[in-house]
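Here are the chains, one letter per residue:
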Amino acid sequence: MVAAKKTKKTHESINNRLALVMKSGKYTLGYKTVLKSLRSSKGKLIIIANNCPPLRKSEIEYYAMLCKVGVHHYNGNNVDLGTACGKYFRVCCLSIIEPGDSDIIKSMPGDH
Amino acid sequence: MVKFLKPNKAVIVLQGRYAGRKAVIVKSFDEGTRDRPYGHCLVAGIKKYPSKVIRKDSAKKTAKKSRVKCFVKLVNYQHLMPTRYTLDVDLKDAISVDALQTKDKRVAACKATKARLEERFKTGKNRWFFTKLRF
């Protein structure tokens with residue numbers, strides 16, 4: 001029970017931080033632009049939804065490993081991730097380029 | 001945040017005639033050029049992998065089996081899969097972008113890379129690069 005409560009609290013804080021990034025920072029949504037941001041080494045944190053196809057997930061993780069960029073596996077599917085970004089469409093993966101006022105990069109990249 | 005599409009990186013070509021072949025980046029153009037306004041790079045790759053050499057083979061047979069056929073191409077970054085491997089073979093003086101303009105310059109560049117890659121194969125290093133990718 002304690003573990004469930006802890007994940008709920010950190011889950012909300014990820015959503016809050018993501019909302020702040022959407023408002024004040026730079027980001028790209030979607031698989032193609034995530035790979036582009038990794039190739040040009042502009043991405044600073046990658047967030048992947050939990051129903052991302054496993055081949056695509058491994059590919060993004062491999063690119064992020066080459067780039068030494070953190071990957072966060074979001075606790076929700078692409079519909080939830082789209083809602084967390086404030087969009088009305090599904091988002092399977094997103095890349096944060098400039099965090100703006102948020103501290104998402106400092107507090108998140110430890111976990112996987 | 002580390003750039004990884006740098007010269008000497010081993011990559012796998014994903015699209016085109018050479019899909020599934022391994023290649024090494026010789027020169028990368030991150031910003032693109034006027035003709036190709038996208039990130040691309042000059043790669044030298046293996047068109048035909050060397051066969052498996054066994055101890056029983058005679059010297060003539062070993063020489064025949066260790067032949068490597070190469071290609072030189074400008075490829076968009078999107079059509080490459082980078083790997084964690086590198087291949088430090090000095091190909092910069094043999095290959096340049098203007099070697100791709102005419103047929104005989106291209107053949108000369110391929111011959112030069114063929115020589116370098118064959119001698120690298122014979123030393124037994126970078127074995128991953130010279131094995132065919134099974135898919």
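Residues numbered from 1 in each chain as written. Chains lettered and ligands numbered in written order. Predicted model: local features only at pLDDT ≥ 70, side-chain atom pairs only at ≥ 80, totals over all residues. Heavy atoms only, no water.

Naming follows an unreviewed UniProt entry, where chain B appears as 60S ribosomal protein L27 of Hibiscus sabdariffa. On record in UniProt, under Sequence similarities (unreviewed entry), the comment for chain B is "Belongs to the eukaryotic ribosomal protein eL27 family." (UniProt positions renumbered as here; feature names shortened; annotations may be inferred.)

As named in an unreviewed UniProt entry, chain A is Ribosomal protein eL8/eL30/eS12/Gadd45 domain-containing protein, taken from Hibiscus sabdariffa. Check the Sequence similarities (unreviewed entry) section of the UniProt entry for chain A; it says "Belongs to the eukaryotic ribosomal protein eL30 family."

A few words on the overall build of chain A. Regarding its fold elements, chain A presents five helices and four strands. For chain A, the α and β elements follow one another from N to C terminus as α-β-α-β-α-β-α-β-α. Whereas a compact globule of 112 residues would reach a radius of gyration of roughly 13 Å, chain A reaches 13 Å, a difference of no more than 12%. Dimensions of chain A, computed from C-alpha atoms along their principal axes, come out at roughly 40 × 30 × 30 Å. Among the 112 residues that make up chain A, the fraction classed as buried is 44%. Across chain A, the fraction of contacts at a sequence separation of at least 24, relative to all contacts at a separation of at least 6, is 80%. (Helix = DSSP H or I, 4+ residues; strand = E, 2+ residues; numbered from the N terminus. Rg over C-alpha atoms; globule rule 2.2 N^0.38 Å. Buried < 20%, exposed > 50% of the residue type's maximum accessible area, 1.4 Å probe, protein only. Contact = heavy atoms within 4.5 Å.)

This brings us to the nonpolar core. Counting 30 residues, the largest nonpolar core has Leu38(A), Ile46(A), Ile60(A), Val43(B) and Leu80(B) as its most contacted members. The set of elements that each furnish at least two residues to this core consists of helix H2 (31–39), strand S2 (45–48) and helix H3 (54–67) of chain A together with strand S1 (9–13), strand S2 (22–29), strand S3 (40–48), strand S4 (69–76) and strand S5 (80–86) of chain B. Examining the composition of this core, we find that five residues originate from one element, H3(A), more than from any other. What Val43(B) contacts, discounting residues up to four positions off in sequence, is Val11(B), Ala23(B), Val24(B), Ile25(B), Val26(B), Phe71(B), Val72(B), Lys73(B), Val75(B) and Leu80(B). Counting 23 residues, the second largest nonpolar core, distinct from the first, contains Phe29(B), Ile46(B), Cys110(B) and Phe130(B). (Core = buried A, V, L, I, M, F, W, Y, C linked by side-chain atoms within 4.5 Å.)

The interface of chain B with chain A comprises 13 residues on the first partner and 14 residues on the second. A buried area of about 1300 Å², summed over both sides, lies between chain B and chain A, and 65% of it is on carbon and sulfur atoms. Three residues, Met1(B), Phe4(B) and Gln78(B), lead the burial of chain B against chain A; their summed loss comes to 48% of the area buried on that side. Across the contact surface, chain B and chain A share zero salt bridges. Top contributing element to the side of chain B that touches chain A by residue count: S5(B), with five residues. Taken together, the residues of the side of chain B that touches chain A sort by class into eight nonpolar, two polar and three charged. (Buried area = accessible area lost by both parts, 1.4 Å probe. Salt bridge = Lys/Arg side-chain N within 4 Å of Asp/Glu carboxyl O. Nonpolar A, V, L, I, M, F, W, Y, C, P; charged D, E, K, R; others polar.)

We now examine the UniProt feature "domain: KOW" (unreviewed entry) in chain B. The positions that UniProt labels "domain: KOW" (unreviewed entry) are, in the present scheme, residues 8–36 of chain B. Annotated as residues 8–36 of chain B, this span is 0% helix and 45% strand, and its ends, taken at the C-alpha atoms, are 22 Å apart.

The subject of this paragraph is the confidence of the model for chain B. The predicted structure's coordinates, where accompanied by low pLDDT, should not be read in detail. When pLDDT is averaged across chain B, the result is 93; 100% of the residues are at 70 or more. Scoring of the predicted complex yields 0.90 for pTM and 0.90 for ipTM. (pLDDT = per-residue confidence, 0-100.)

This part covers the sheet that holds S3(B). All names here are of chain B. An order of S4-S3-S2-S1-S5 is seen for the five strands of this open sheet, with the pairing classed as antiparallel. Two strands lie at the open edges of the sheet, namely S4 and S5, each paired on one side alone. Direction aside, the axes of adjacent strands within the sheet are offset by 35° on average. Taken together, the three bridges between S1 and S2 define a ladder with antiparallel strand orientation. Paired with Val11 across the bridge in S2 is Ala23. Relative to S4, helix H2 (residues 103–123) is tilted by about 115°, and along the sheet it contacts S3 and S4. (Pairing = 2+ DSSP bridges. Axes fitted to C-alpha atoms, helices over the stretch in contact; angles between N-to-C directions.)

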